[in-house]
Amino acid sequence: MMNSQAPTPGLDALLQNARRRSGLTQEQLAGLSTVSVRAIRDLEQGRVQHPRKETLRLLAGAMRLSDARRIELELAVDAHSVGRVFQDSYGAELAAPPTPLRPLVGRVPELEALAFRLSTEHERLLTLVGLPGVGKSRLAQEATLRIHARDQVPVLWVPMDRPAESEDTAARSPQSTMVGWVRSLVQGGEKYDELAAVIGSKPTLIVLDGHDASPVVSPPVLNLLRSCERLKILITSRRPVQPPGGRLLPLAPLPVPVPAVPAGTLPGDSLVTDRPAVELMLSYVSHMRPDVLPTDALTTTMADICHALDGIPQALEAAASWLLLYSPEQLLDVARTTPLVLVDGVTPADSASGATLGDQLGAVVTGLNPHATALLHTLAALPEPWTVDDAARAAGTALAETARDVHALLLRGLIRQHPSEPGGPVGFTVLNLVRELLGARRDGAAEINEGNDINEAVEALAF
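Before going into details, it helps to say that this report is about the structure given with it. (Residues numbered from 1 in each chain as written. Predicted model: local features only at pLDDT ≥ 70, side-chain atom pairs only at ≥ 80, totals over all residues. Heavy atoms only, no water.)

A word on the nonpolar core. By size, the foremost hydrophobic cluster in this structure holds 54 residues, and its most contacted members are M281, L376, W386 and L414. The biggest single contributor to this core is helix α14 (residues 276–288), with seven residues. Once residues within four sequence positions are removed from consideration, M281 is found in contact with M302, I305, C306, L316, A319 and A320. Among the nonpolar cores identified, the runner-up in size contains 28 residues, and Y90, L156, V216 and I235 belong to it. (Core = buried A, V, L, I, M, F, W, Y, C linked by side-chain atoms within 4.5 Å. Buried < 20%, exposed > 50% of the residue type's maximum accessible area, 1.4 Å probe, protein only. Helix = DSSP H or I, 4+ residues; strand = E, 2+ residues; numbered from the N terminus. Contact = heavy atoms within 4.5 Å.)

Below you can see the structure in the form of structure tokens.
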């Protein structure tokens, strides 16, 4: 029933582990599958690496393996047959989004809006855009998990900001194989035929997480969308570039309360109600300092820290790590004076990413063109909240031009809407961390200019 070929590592261990998980001995498996005990023993000891497909199917059926487990066995035999294997078994069980380790705090309206758009037939290309650390990936996880569980839609989650897995790993994992195909298509236009053949007319969701390259959507990816009529693509990115036929969904930081608390109110109740940033920050405090009681005074202090750090979830988590060194009151003093010190935490949250949150935020500001930078400096100097009319007067530009420029900054997440009275004009504020970054950039430029002036003076004296 079997024929030997050049060995492919992995089948022996996969088969042995699968049998043990099923609670079967080799003799019991032989009786259930009609495959001989000797054949099973040879497979598990690595003597035969390429059994016939019928042999694997008999063994998989006897062990009641899932489609994903059966495909692992088949790919361990012949990785080149992956396209044929996936066409037979491709479904929700084969591809699932990563499972988050913590519950999502807040973001109820954003989650409902994103899940709805991913469910409708009219939206097939969405880009979730926002600042680093604002929670784009986390929101995408929650929405795609809902779609995957409710509608049984396969989800291919492709982390574009991380290195690809090794070829050996990809060849032995069905989901990572297809993820590798998607990455190849996005980066070089390869694997189009394989993906188009497997996906076909089946509903599928591809998530390009952290895709900040240009162009955001390459022609091969658009061609795949056209060929696979039930395919949808969700992109998370810092770049507010709308792809052809796509839609941008901006994600702002979590809402934060204003620092001042009206007289006669209970600070704790007023600051936590409908304030997910404060709720999130208090959860971080309870993990870092379980000895600190959640009093009204603590809630007020954490609310002010949330305001200073703009309600950016990753910045709040980083700031909470400093509670091992500082009291809440000391932490608030730092947040008010030098907030950038806190955003990377005592230990950066993800050292594998290569850049800290502070570096990533700084890169967004540094990457602005001179016109946008000048406007942002102008807006940062205005009394808050300011309107588009205020911005136009301060910048000395036409209202329509200013509106476009303010809209662009809003999409980048550098400014945010300010809570306004019903029926009143919409106001905006510049993020506190952005103000600090602008100041650091201005001071750095001043130091460079001062250094150049000194060098020029020294050169002049030399002559």
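Buried residues of helix α3 (residues 37–44): A39, I40, D42, L43 and E44, and no others. Those residues of α3 that are buried are in contact with α1 (11–21), α2 (26–33) and α4 (53–62). Remark: G46 follows α3 within two positions and exhibits a positive phi of approximately 80 degrees.

With that settled, consider the pattern of salt bridges. Oppositely charged side chains can pair when the atoms bearing their charge come close. Within the structure shown, the criterion is met by 14 salt bridges. Linking D42 and R47 is a salt bridge whose minimum nitrogen-to-oxygen distance equals 3.0 Å. Given a relative accessible area of 54%, R47 falls into the exposed group. Between R150 and D151 there is a salt bridge whose closest N-O contact spans 3.2 Å. The class for R150 is partly exposed, based on a relative accessible area of 48%. On the basis of relative accessibility, which here comes to 38%, the residue D151 falls in the partly exposed class. (Salt bridge = Lys/Arg side-chain N within 4 Å of Asp/Glu carboxyl O.)

In this section: the sheet that holds strand β4 (residues 231–237). Spatially, β2-β3-β4-β1-β5 is the arrangement adopted by the five strands of the open sheet, whose pairing is parallel. Each edge of the open sheet carries a strand with a single partner, namely β2 (155–159) and β5 (247–250). If you compare each strand with its neighbour and ignore which way they point, the axes differ by 20 degrees on average. Here six bridges tie strand β3 (residues 204–209) to β4, and the two strands are oriented parallel to one another. (Pairing = 2+ DSSP bridges. Axes fitted to C-alpha atoms, helices over the stretch in contact; angles between N-to-C directions.)

Attention now moves to unusual backbone geometry. Cis rather than trans, the peptide bond between E384 and P385 has omega equal to 0 degrees. Phi is positive for R64, which is not a glycine, with a value near 55 degrees. Assignment of secondary structure puts R64 in the loop between α4 and α5 (67–77). Residue class for R64 comes out exposed when judged on its relative accessible area of 79%. Unlike most non-glycine residues, D310 shows phi in positive territory, near 65 degrees. Residue position: D310 is located in the loop between α15 (296–308) and α16 (313–321). Residue classification places D310 among the buried residues on the basis of a relative accessible area of 3%.

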